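Coordinate inspection notes
Chain by chain, the residues run as shown.
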Amino acid sequence: MRLKKMTAVILSGLMLLPLTACGSTSQTGSDAASSVEPEIVLDVAFENNSSEPIGAGWERAQEIIKEKSGGKMAIEVYPDSQLGDKSSLIDSMLLGEPVCTLADGAFYADYGIKDMGILFGPFLFDDWDQCWTLIESDWYEDQCKKLEEKGLKIIASNWMYGERHTLTNVPVNNVDDLKGLKIRVPSNEIQSYGFDVLGATSTGMALGDVYQALQTKTIDGAENPIATLYGRKLHEVAPYLILDGHVKNFTTWVVSADWFNSLTEEQQNWLVETAQEAGEYNNQVLQEAEQEYLQLMVDEGVTVVDPSEEVLEGFREKAAPFYEMGDRFGWSDGLYDTVRKAMGAEE
């Protein structure tokens, strides 16, 4: 079943419940009133293609916010880097503009919340349940409060972005094959070192520039979830994929703290509930779509390596020294153990 058809099925039948995020929810808005002009409009911008599950998630969010607010609030969606890259969008938020984008712990580390950087460490999570346990923990709530003091308010943390895998223009069958390859990562310190430790040479770059860089062999590969790799058509210029799953990437949606605090409590609740419910929808679409995307990549000529447990253990062993770099990243003492405990991991 094609993604559009699958999305329509999910839209017609999915009942959505919000997950905990960095903000409380308790109220619902009134029924949608199409004749009401929105008083508040939030621009949601991201680098991904609108055909990806994230795009479907925000299409659903537009419906939800209209229903909850009775048309008093609206969301405008700008995919494909139309309003700039992640860093420029966050800079706009810090000026108080009504903009929302997706961001992760590695970016928040660069904006002063150092301990959140560990969330993008390679092979930190053993499974997705640990991610959801962590975002409901006291540790995570404390990190969100610190971020808010820096001017950024997380409105949802329950969106699956996907497991991040590695796509290259030469075969990679194990971690040793990464040695010397230039691999694109998002432009932040955590993800750069997180991939360097595996033996590659990380290259920070905006997502919109990756296709051309692969095409011209400026870089040798890129890492991202399957939906993003396929959505950006990167497999057309890098036909080798190893399903290493080096990061289980849950993502967050963030707005200006000043702008958020300028809303009424009711408006805040509408927005947070909308973002969380749309996250549940995104996760359903993503999980259904990943196998379809993977099959499409195979059909279009991609060589896929599904590594054995032995090969994955080689990746994990290579990644282990990353968690000894806490001083470099400005982490709190014992952060790795603190976070593993907060996520419910058994040592």
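Everything discussed here concerns the structure shown above.
Residues numbered from 1 in each chain as written. Predicted model: local features only at pLDDT ≥ 70, side-chain atom pairs only at ≥ 80, totals over all residues. Heavy atoms only, no water.

1. Digging into the overall build of the chain
Per the secondary structure count, the chain includes 14 helices and nine strands. Counting every position in the chain, which comprises 347 residues, the buried fraction comes to 55%. When the accessible surface of the chain is summed, it comes to about 14,700 Å², and 45% of that surface belongs to carbon and sulfur atoms. (Helix = DSSP H or I, 4+ residues; strand = E, 2+ residues; numbered from the N terminus. Buried < 20%, exposed > 50% of the residue type's maximum accessible area, 1.4 Å probe, protein only. Areas by Shrake-Rupley, 256 points an atom, 1.4 Å probe, with all protein chains shown as cover.)

2. Notes on the packing of aromatic side chains
Per the counting criterion, the structure on display carries 16 aromatic pairs. Where Tyr140 meets Phe250, the ring centres are 6.3 Å apart and the plane angle is 65°; that geometry is what we call edge-to-face. Linking Tyr140 in helix α6 (residues 138-149) with Phe250 in strand β8 (residues 240-256), this pair joins segments that are 110 residues apart in sequence. Taken as a pair, Tyr140 and Phe250 share a single burial class, namely buried. The ring of Phe107 is capped by Lys86, whose NZ or CZ atom sits 5.0 Å from the centre of that ring. (Phe/Tyr/Trp six-rings, centres within 6.5 Å; stacked < 30°, edge-to-face > 60°. Lys NZ or Arg CZ within 6 Å of the ring centre and 35° of its normal.)

3. With respect to the side chain of Ser192
With respect to the helices and strands, the residue Ser192 is situated in helix α7 (residues 189-196). Here Ser192 is in contact with Val185, Pro186 and Ser202, once residues within four sequence places are set aside. (Contact = heavy atoms within 4.5 Å.)

4. Notes on the side chain of Asn188
Following the sequence through the fold, Asn188 ends up in the loop between β5 (182-185) and α7. When sequence neighbours within four positions are dropped, the list of residues in contact with Asn188 reads Ala106, Phe107 and Asp110.

5. Considering helix α12 (residues 309-319)
Because the α-helix completes a turn every 3.6 residues, residues three or four places apart line up on one side. For α12, the full list of buried residues reads Leu312, Phe315 and Ala319. End-on, the buried residues of α12 take up no more than an arc of 50°, which puts them together on one face. Facing away from the buried side of α12 by over 90 degrees, the exposed positions are Glu310 and Glu317. Among the structural elements, β8 are those in contact with the buried residues of α12. (Arc of directions from axis to C-beta.)

6. Side note on the pairing of strand β6 (residues 201-204)
Pairing of β5 with β6, which is carried by four bridges, proceeds in the parallel orientation. Within the sheet, the bridge partner assigned to Ile183 lies in β6 and is Ser202. Of the crossover connections in this fold, the one passing from β5 over α7 to the parallel β6 is right-handed. (Pairing = 2+ DSSP bridges. Right-handed = clockwise from strand over helix to strand, strands pointing away.)

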